[in-house]
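# A structural walkthrough
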Amino acid sequence: MHFIELNATTLHFKKTNGASAAPALVLVNSLGTDFRIWDEFLAHLGHQGEILAYDKRGHGLSGVGDAPYSIDLHMRDLAALMDSQGISDAVICGVSVGGMIAMALHAARPDLVKALILCDTAPRIGDVKTWQDRIDIIDANGIEGIADGVMSRWFSPEFLKTQPAAVAGYRNLVCRTPLKGYRGTCAAIRDADLTSQAAQIDVPVLCVGGEDDQSTPPDLVEGMVNLIPNAKFERISSCGHIPSLEQPEYLAHLVRQMISRCPTKIDPDEQCQSEIYKQGMQTRRRVLGDTHVDTAEFQKSSFDKPFQELITEAAWGHVWSRPSWTLRERSIVTIALLAALGHLDEVAMHARAAKNTGATREDISEALLHTAIYAGVPAANSAIKTVKNVFAQLDASGE
Ligand SMILES: O=C(O)CC1=CCC(=O)O1
């Protein structure tokens, strides 16, 4: 058992050291649970990298701290815990409120997050009235007053019928959560809406929903795929709100698959690549940034693998890596050509990347004047709109 004092509270956590280049996996719990909910899942997972699991404040063996709680406070506890353990660039797997904490972590500390696995969660869970009603019942009757309702939302009808002893045990788990911790986290969920943070997520995301989940129904979880740019959705059958309890083996399979798609620190695939590919990948990362390239690699399938290799070698390895022009010069010419041809998605990508090449906003404005004269005003006009949008987004996010 490990304990640490952070943000004026004691946090209880478990950490296993990794023996390989695989990314660290960090597990974030739901309301009214402690990190034992991951035991069976971890037994199936066989992860080679570091694993960190912990009890949120007000849960398990962690301290309760002072009210009021917020998702931001839970997120700061997690960030401090990861910093204290030297863990960054990790795959964060959060269930329910744990998923909200994971989304908040990505917004505040992107350096800590390589990918997200968001189980049975949403940027907004329930509404103010539902959570206030729950708080009022707890204030009047304690957690016992809501425990049966919680069990019926956590588990599928089949599990409730066939596993009465397990259900009784999990009911004890909820009821033994410190009242202040449970109540404080209900208030944190009541007050949270992470919609704008979710829309900004730029790492690979797997959303997972149990088909019998009554707390965050699968359609709600699937809705995140429309909001989060790089998200995929998996529905788990015969499963309620907590897949690590009801379908630990299948969840382990999904998480393993996700982790295997995340580039490792030493990519074994890349070791077999040609020198020109390696050079191309280096230049591509330098110009477009790691987040962009990691996402493209994650989304790569056998269908577009040859195409990805072609552009990495030909565009980035051969042309962009030639020493005769600077990256700034290549950036300016590329933006002008793409604008002339009306490839606005690519204009946006290269305008965004200009901060890495040294091409200034003035450079881009000059390049688009040339576009207007040699390729036509409408082409330049559309590109100017696109680039202005990119600049507005960069300014809004402080980049
Ligand atoms: O307790 C529930 O109803 C399920 C739940 C909602 C948020 C969370 O973390 O768990």
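Going by the structure above, here's the rest.
None of the values given here were measured: they were computed from a predicted structure. (Residues numbered from 1 in each chain as written. Predicted model: local features only at pLDDT ≥ 70, side-chain atom pairs only at ≥ 80, totals over all residues. Heavy atoms only, no water.)

### Describing the site of the ligand
Around the ligand, the surrounding shell holds 13 residues, and the nearest of these are Leu-31, Ser-96, Val-97, Arg-134 and Ser-215. Separating an oxygen atom of the ligand from a side-chain N or O atom of Arg-153 is a distance of 3.1 Å. Protein coverage of the free-state accessible area of the ligand, which is 280 Å², stands at 99%. Contributing elements (two or more residues each) for the shell around the ligand: helix 4 (128-141), helix 5 (144-154) and helix 8 (179-190). Of the residues forming the shell around the ligand, the biggest block, three residues, is contributed by helix 5. Classifying every residue of the shell around the ligand by side-chain character gives seven nonpolar, four polar and two charged. (Near = heavy atom within 4 Å. Polar contact = N/O pair within 3.5 Å; in protein donor to acceptor, adjacent residues only side chain to side chain. Areas by Shrake-Rupley, 256 points an atom, 1.4 Å probe, with all protein chains shown as cover. Helix = DSSP H or I, 4+ residues; strand = E, 2+ residues; numbered from the N terminus. Nonpolar A, V, L, I, M, F, W, Y, C, P; charged D, E, K, R; others polar.)

### A short note on the pattern of salt bridges
The full count for this structure, using the stated rule, is 20 salt bridges. Two residues, Glu-144 and Arg-171, come together in a salt bridge whose shortest N-O distance is 3.0 Å. Of this pair, Glu-144 sits in helix 5 while Arg-171 is found in helix 7 (residues 164-175), placing the two residues 27 residues apart along the sequence. In this structure, Asp-290 engages Arg-285 in a salt bridge whose closest nitrogen and oxygen atoms are separated by 3.1 Å. On the accessibility criterion, Asp-290 (45% relative accessible area) is partly exposed. (Salt bridge = Lys/Arg side-chain N within 4 Å of Asp/Glu carboxyl O. Buried < 20%, exposed > 50% of the residue type's maximum accessible area, 1.4 Å probe, protein only.)

### Focus on the packing of aromatic side chains
Inspection of the entire model under this criterion finds five aromatic pairs. Between Trp-154 and Phe-155, the aromatic rings sit 6.0 Å apart at their centres with planes inclined by 80°, giving edge-to-face as the arrangement. According to the relative accessible area criterion, Trp-154 is buried, its value standing at 4%. Exposure remark for Phe-155: the relative accessible area of 1% places this residue in the buried category. Here the aromatic cluster, defined as three or more aromatic residues joined through ring pairs, consists of Trp-154, Phe-155, Phe-159 and Tyr-170. Geometry around Phe-391 places Arg-361 over its ring, the cationic atom sitting 4.1 Å from the centre. (Phe/Tyr/Trp six-rings, centres within 6.5 Å; stacked < 30°, edge-to-face > 60°. Lys NZ or Arg CZ within 6 Å of the ring centre and 35° of its normal.)

That is the geometry; function is a separate question.
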